[in-house]
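# Observations on chain architecture
Single-letter residue listing:
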2 protein chains.
Amino acid sequence: MTPHPRNGRAPSVKDVAAAAGVSLGTVSNVLNRPSVVSAATRERVERAMAELGFVRNESARQLRAGTSRALAYVMLDGGNPFFHDVAEGIETAAEAADLSLFVCNSNGRSDREAKHIDRLVQQRVQGILITPVDPDAGHLTEIAQRGIPFVLVDRFSRSGGHCSVAVDDVLGGRIAVEHLIDRGHRRVAFVGGPSSIGQVRERLQGARAVWAEFGMPEEDLIHLPTEAMTVNEGRSAGERLAGLPSRRRPTAAFCANDLLALGLLQHAVTAGLRVPDDLAIVGFDDIDFAAAAAVPLTSVRQPRQELGRTAARLVLDEATNPDHVHEQATFVPALVARASTGTVRR
Amino acid sequence: MTPHPRNGRAPSVKDVAAAAGVSLGTVSNVLNRPSVVSAATRERVERAMAELGFVRNESARQLRAGTSRALAYVMLDGGNPFFHDVAEGIETAAEAADLSLFVCNSNGRSDREAKHIDRLVQQRVQGILITPVDPDAGHLTEIAQRGIPFVLVDRFSRSGGHCSVAVDDVLGGRIAVEHLIDRGHRRVAFVGGPSSIGQVRERLQGARAVWAEFGMPEEDLIHLPTEAMTVNEGRSAGERLAGLPSRRRPTAAFCANDLLALGLLQHAVTAGLRVPDDLAIVGFDDIDFAAAAAVPLTSVRQPRQELGRTAARLVLDEATNPDHVHEQATFVPALVARASTGTVRR
DNA sequence: CACGCCGATTGAAACATTTCAAGTCCGTCC
DNA sequence: GGACGGACTTGAAATGTTTCAATCGGCGTG
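Definitions and cut-offs
Residues numbered from 1 in each chain as written. Chains lettered and ligands numbered in written order. Predicted model: local features only at pLDDT ≥ 70, side-chain atom pairs only at ≥ 80, totals over all residues. Heavy atoms only, no water. Helix = DSSP H or I, 4+ residues; strand = E, 2+ residues; numbered from the N terminus. Rg over C-alpha atoms; globule rule 2.2 N^0.38 Å. Contact = heavy atoms within 4.5 Å. Areas by Shrake-Rupley, 256 points an atom, 1.4 Å probe, with all protein chains shown as cover. Lys, Arg positive; Asp, Glu negative; His and termini not counted. Charge placed at Lys NZ, Arg CZ, Asp CG, Glu CD. Salt bridge = Lys/Arg side-chain N within 4 Å of Asp/Glu carboxyl O. Buried < 20%, exposed > 50% of the residue type's maximum accessible area, 1.4 Å probe, protein only. Disulfide = S-S within 2.5 Å. Axes fitted to C-alpha atoms, helices over the stretch in contact; angles between N-to-C directions. Parallel < 35°, antiparallel > 145°, perpendicular 65-115°, else oblique. Left-handed = near helix turned anticlockwise from the far one by under 90°. Nonpolar A, V, L, I, M, F, W, Y, C, P; charged D, E, K, R; others polar. Buried area = accessible area lost by both parts, 1.4 Å probe. Polar contact = N/O pair within 3.5 Å; in protein donor to acceptor, adjacent residues only side chain to side chain. Least-squares fit on C-alpha atoms with pLDDT ≥ 70 in both. Pairing = 2+ DSSP bridges. UniProt positions renumbered as here; feature names shortened; annotations may be inferred. Near = heavy atom within 4 Å.

### Observations concerning the overall build of chain A
Counting secondary structure elements, chain A contains 13 helices and twelve strands. Computed over C-alpha atoms, the radius of gyration of chain A comes to 26 Å, more than 25% over the 20 Å expected from 2.2 N^0.38 for 346 residues, which places it beyond the range of a compact globule. The principal-axis extents of the C-alpha atoms in chain A amount to approximately 90 × 40 × 35 Å. Sequence separation of at least 24 residues holds for 70% of the intrachain contacts in chain A that already meet a minimum separation of 6. Entry remark: accessible area of chain A is about 14300 Å², with carbon and sulfur atoms responsible for 51%. Looking at chain A, you have 39 positive and 41 negative side-chain charges, and the mean spots of the two groups are 4 Å apart.

So this is what it looks like as C-alpha cells:
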C-alpha cells in the first residue's frame with residue numbers, strides 16, 4: 001500500500017519477516033499454507049506485507065519450483081481474428097487451472113517463431129501451444145525432445161509424436177462445395193494458397209472430392225492460388241477472377257478463409273457485381289467479421305473457442321498426467337449459410 | 001541436441017561445467033563474456049552445452065539480475081484489430097531492445113486487467129504498457145507507486161503522473177464532422193458509448209465544437225449512445241437510427257470507432273439504404289477491415305504502429321534513464337476519405 | 001633469479017523463495 | 001511432577017545463475 005520509493009529493491013519475505021517479528025519460514029507459511037499459522041501471527045504478517053507493499057517474486061518461486069506457472073500460445077497471424085478466438089478459449093482454460101497465458105505472435109515468420117520458442121523454453125513454461133508456420137519444422141520436434149508438453153493448434157500432427165487439435169478440413173471443403181452445388185452452381189473457384197499450408201491442400205482436396213462425386217467436370221473447379229491468406233490477396237484474386245473469359249468465369253467462389261472471402265467480396269461489390277446473384281461466396285472460419293460484412297458471409301464454422309480449450313486441456317494433461325497418450329482431437333466443421341450464397345441459381 | 005529424456009531436471013550450468021571439465025564460473029563467462037574465455041575452452045564448453053541440450057534458466061537469471069528482460073502490454077479488446085497493430089508497434093521496439101513482450105488481454109474487464117497486472121508485477125517485468133478499462137482506477141497508480149515504469153496507451157494521463165501516448169481525439173472528432181459538413185450534410189449522428197470512455201467524450205466534444213463553429217443548430221447533431229464499441233452495437237444503433245422520424249433522421253453518421261461503423265454499415269446495406277447516398281458513414285481508427293469493407297469506409301486514421309513504438313520508447317526511457325520526465329505524446333489524426341462518404345450532397 | 005604483469009580460470013557469495021526436519025511452548029493426563 | 005501430544009514456529013538447505021575478488025600459471029623484464 002505504502003508507496004515504496006525508488007530507494008532500492010522491492011521488499012522480500014525477509015523484510016516482511018523482520019517487520020512482523022517472525023521467521024522467514026512463517027511468512028512463507030502465511031503465503032502457502034495459511035491454515036498452519038495461528039490467526040494472530042497471520043494477521044501480523046499480513047499487515048506487514050500490506051505496509052511494505054510486498055509482492056511475491058515469481059522468479060525465485062519458479063526457480064525453487066523448477067517450473068513456471070504459465071502456458072504459452074504462439075499464434076500464426078495476429079491480424080486474423082480467428083486466432084484471437086482460439087486464444088480466448090485457451091485463456092479460459094488457463095485461468096481455470098490458475099495459470100498465466102503468454103500470447104506470442106509469429107506473424108507467419110519462421111525466425112520470429114523460433115525466437116519466441118527459445119524464450120519460452122528459457123522461461124520454463126509448463127507447455128507450449130502453437131499454430132506453426134511449418135508443422136514439420138525442426139524446432140518443433142526439438143521442443144518435444146526437451147520433454148516440454150506441446151500441442152499443435154489448428155494443424156495436424158503428421159507423425160503422431162504429439163497432440164494436435166484441428167477440424168476436419170477435408171470435410172470442411174466438402175460441405176462448402178456441396179452447399180454451392182446445392183445452390184445450383186456449376187462452375188466454382190477455389191481461392192487459397194500457398195499450397196504449402198496443409199489446410200489449403202485439404203480444403204481443396206475435400207472440394208475436389210465432392211465435386212467429382214457429383215459428376216462435375218474437373219476443369220470447372222478452378223483453383224485461384226494466393227500468396228497468403230489476407231484480405232488484400234482476396235481482392236487480387238477477385239481481379240483475376242473478373243479477368244476470366246465469361247464462359248469460363250465461375251459463378252461462385254469457395255475461399256480458404258474468411259479474410260480472403262472478405263477481400264473477394266469487397267472487390268466484387270466495388271466492381272458492381274451483385275453478391276450472391278452474380279457471384280456467390282463461401283468463406284472458412286466464421287470469424288465475427290464474416291457475419292458483419294455488408295453482405296453477410298456464408299462460412300464454414302470452426303469451433304474456435306473450443307479448439308483453444310481442448311488444446312489447453314491436452315497440454316495440461318501431458319504436463320501433469322504420467323500416463324498421458326498423445327491425442328489428435330478432430331472437430332467437425334459446420335456450414336453457416338448467410339446472404340452471400342442466399343439464392344438458388346436458376 | 002541430444003534428446004534429454006524425462007529422467008529428471010534440465011541440465012544446468014553445473015552439469016555443463018562438469019561435462020566440459022571447467023568451473024561453473026567459466027561456463028557463465030562463455031555465456032555472458034565470451035571474449036574473456038580462451039578459444040579452446042570456449043569451444044569445449046559450447047560443445048558440452050550442445051550435447052546436453054543446455055538452456056539457460058531464465059528464472060535464475062532474473063532472480064540474480066533483479067529484473068526480467070520483458071515488457072508487457074495489457075490490451076483492452078483483443079477482438080479489435082486496432083490494438084493488434086499497436087501491439088505490433090510495441091513488439092518491434094521491444095525486439096530492437098532485445099526484450100520479450102508479453103501480450104495480455106483484459107477484454108474490457110477490470111478484474112481481468114487487475115489479475116494480469118498482478119502477475120506482471122510478480123514477474124518483475126521492466127515496464128507495463130496498458131490501455132486500461134478505466135485510466136483513473138486505483139491499481140494503475142499503484143503500479144507507478146511501486147516504481148514500475150508504465151505508460152498509458154491510447155489514453156491520456158489526466159494527472160500527468162506518468163507517460164501517455166494517444167492521438168488528439170478532440171481534433172479527430174473535428175475533422176470527421178468537418179468532412180461531413182463539407183460533403184453537405186446538415187443532420188449528423190454521433191454513434192458511440194459508453195460515455196465513461198474518455199475517447200468517446202472527446203471525439204463527441206470535437207464534433208460538437210466544429211458543429212457549433214459552422215453555425216449548425218445543436219439539436220441536429222444527434223448522439224446515439226452505445227453500450228460498447230462493437231460491431232453488434234453498431235448494428236443496433238443502425239436500427240435505432242432507422243427508427244427515427246424521417247425529418248429528424250440524420251443523413252450521415254460519425255462513429256466513435258470502426259467496429260461501430262462496420263456494424264452500422266452492415267445494417268444500412270441490409271436495410272436497403274445506399275451508402276453514402278442515403279447514409280454517409282465515418283469511422284475512427286482506420287483498421288484494415290475499414291478499407292476492406294464492402295463500401296470502403298472513410299475513417300479517422302490513428303498512427304497505430306507508431307503509437308506502439310512511441311509507447312515502448314517512453315517506457316524504456318523511464319526504465320533506464322534516471323533523468324526521465326513523464327511525457328504526454330500526442331499524435332495528429334488524419335482523415336482518410338473513402339467511398340462511404342463519397343459524394344457531395346445536393 | 002626475483003618480480004610483476006597479464007590472460008585465463010576459479011570459488012564463493014548473493015538473489016528470493018519454498019520445504020521440511022527439528023525445535024519450542026503449552027496444556028493435559030497419568 | 002513428569003511425560004506426552006499437539007499446535008505453532010524456526011533454521012537451514014536447495015534451486016540456477018551471475019558477479020567479482022582471488023588465484024593460477026606462464027612469460028618477459030630488470
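### A look at the pattern of salt bridges
Counting across every chain of the model gives 32 salt bridges over all chains. With a shortest N-O distance of 2.9 Å, Arg301 of chain A and Asp286 of chain A are connected by a salt bridge. Residue Arg301 of chain A is found in strand E10 (residues 298-301), and its partner Asp286 of chain A is found in the loop between strand E9 (280-285) and helix H12 (288-292); the two are separated by 15 residues along the sequence. Judged by its relative accessible area of 2%, Asp286 of chain A falls in the buried class. With a closest N to O distance of 3.4 Å, Asp111 of chain B and Arg109 of chain B form a salt bridge. Residue classification places Arg109 of chain B among the partly exposed residues on the basis of a relative accessible area of 38%. Each of the salt bridges in this network shares a partner with another, and the network as a whole consists of Asp85, Asp288 and Arg304 of chain A.

### Here's the deal with the state of the cysteines
Taken as a whole, this structure holds zero disulfides over all chains when the rule is applied. You can see Cys104 of chain B has no disulfide; the closest cysteine sulfur is in Cys104 of chain A, sitting 11 Å from it. In this structure Cys104 of chain B comes out as buried when scored by relative accessible area, which is 7%.

### Quick look at the packing of helix H6 (residues 110-123) of chain B against helix H7 (residues 138-145) of chain B
Residues and elements named next belong to chain B. Following both chains from N to C, one finds H6 and H7 inclined at 15°, their axes separated by 10 Å at the closest point. By the angle between their directions, the pair H6 and H7 is classed as roughly parallel. H6 and H7 meet at a crossing whose hand is left-handed. Between H6 and H7, the contacting residues are Ser110, Glu113, Ala114 and Ile117 on the first element and His139, Leu140 and Ile143 on the second. Residue composition of the contact of H6 with H7, grouped by class: four nonpolar, two polar and one charged.

### Considerations on the interface of chain B and chain A
Each side of the interface is counted separately: chain B has 52 residues, and chain A has 51 residues. A buried area of about 4900 Å², summed over both sides, lies between chain B and chain A, and 48% of it is on carbon and sulfur atoms. Run the count over chain B and chain A and you get six salt bridges. Salt-bridge contacts for Glu95 of chain A lead to Lys115 of chain B; the nearest nitrogen and oxygen are separated by 4.0 Å. Taken together, the links from chain B to chain A amount to 25 residue pairs in polar contact (both at pLDDT 80 or more). Where the side of chain B that touches chain A is concerned, the elements lending two or more residues are helix H4 (58-65), helix H5 (81-96), strand E2 (100-105), H6, helix H10 (231-242), helix H11 (258-270) and helix H12 (288-292) of chain B. The element best represented in the side of chain B that touches chain A is H6 of chain B, accounting for seven residues. Among the residues making up the side of chain B that touches chain A, the classes are represented as 21 nonpolar, 16 polar and 15 charged.

### Here we look at the side chain of Arg203 of chain A
Residue and element names in this part refer to chain A. With respect to the helices, strands and loops of the structure, Arg203 is situated in helix H9 (residues 198-213). Residue Arg203 is classed as buried on the basis of its relative accessible area, which comes to 2%. When neighbours within four sequence positions are excluded, Arg203 is seen to be in contact with Asp169, Gly173, Phe190, Phe254, Ala256, Phe284, Asp285 and Gln302.

### Quick word on the relation of the copies chain B and chain A
With an axial shift of 0.0 Å and an RMSD of 0.1 Å, the rotation relating chain B to chain A amounts to 180°. Both copies are brought into coincidence by an operation consistent with a two-fold rotation axis. Within chain B, Ser59 of chain B has its C-alpha nearest the rotation axis, a separation of 2.3 Å. In this assembly, 98% of the residues forming the interface of chain B have copies in chain A that are likewise at the interface, indicating an isologous arrangement.

### Section: the sheet that holds strand E6 (residues 188-191) of chain B
All names here are of chain B. Spatially, the six strands line up as an open sheet ordered E7-E6-E8-E9-E10-E12, and their pairing is mixed. Each end of this open sheet is capped by a strand with a single partner; those strands are strand E7 (221-224) and strand E12 (334-336). Adjacent strand axes in the sheet meet at a mean angle of 20°, parallel and antiparallel pairs treated alike. In the sheet, E6 pairs with strand E8 (residues 252-255) via four bridges, with the strands oriented parallel. From the neighbouring strand, Ala189 faces E8, where its bridge partner is Ala253.

### So, the UniProt feature "domain: HTH lacI-type" (unreviewed entry) in chain A
Cross-referencing UniProt, the feature "domain: HTH lacI-type" (unreviewed entry) maps to residues 11-65 of chain A in the present numbering. Spanning residues 11-65 of chain A, this segment combines 71% helix with 0% strand, and its end C-alpha atoms are found 21 Å apart.

### A word on the protein's contact with DNA strand D
The full set close to DNA strand D counts 26 residues, and Ser23, Thr26 and Thr41 of chain A together with Val13 and Arg64 of chain B are the nearest of them. Between DNA strand D and the protein, one listed contact pairs a phosphate oxygen with a backbone N or O atom of Val13 of chain B at 2.4 Å. Side-chain polar atom of Arg33 of chain B to a phosphate oxygen of DNA strand D: 2.9 Å apart, as the coordinates give it. Counting only elements with at least two residues in the surface near DNA strand D, the list comes to helix H2 (24-32) and helix H4 (58-65) of chain A together with helix H2 (24-32) and H4 of chain B. When the residues that make up the surface near DNA strand D are grouped by side-chain class, the tally is ten nonpolar, ten polar and six charged.

### Let's talk about the protein's contact with DNA strand C
Lining the immediate surroundings of DNA strand C are 27 residues, of which Val13 and Arg64 of chain A together with Ser23, Thr26 and Thr41 of chain B lie closest. A share of 71% of the atoms of DNA strand C within 4 Å of the protein falls on sugar and phosphate groups. One nitrogen or oxygen atom from the main chain of Val13 of chain A is found 2.5 Å from a phosphate oxygen belonging to DNA strand C. Within the side chain of Arg56 of chain A, a nitrogen or oxygen atom sits 3.3 Å from a phosphate oxygen of DNA strand C. Those elements that place two or more of their residues in the surface near DNA strand C are H2 and H4 of chain A together with H2 and H4 of chain B.

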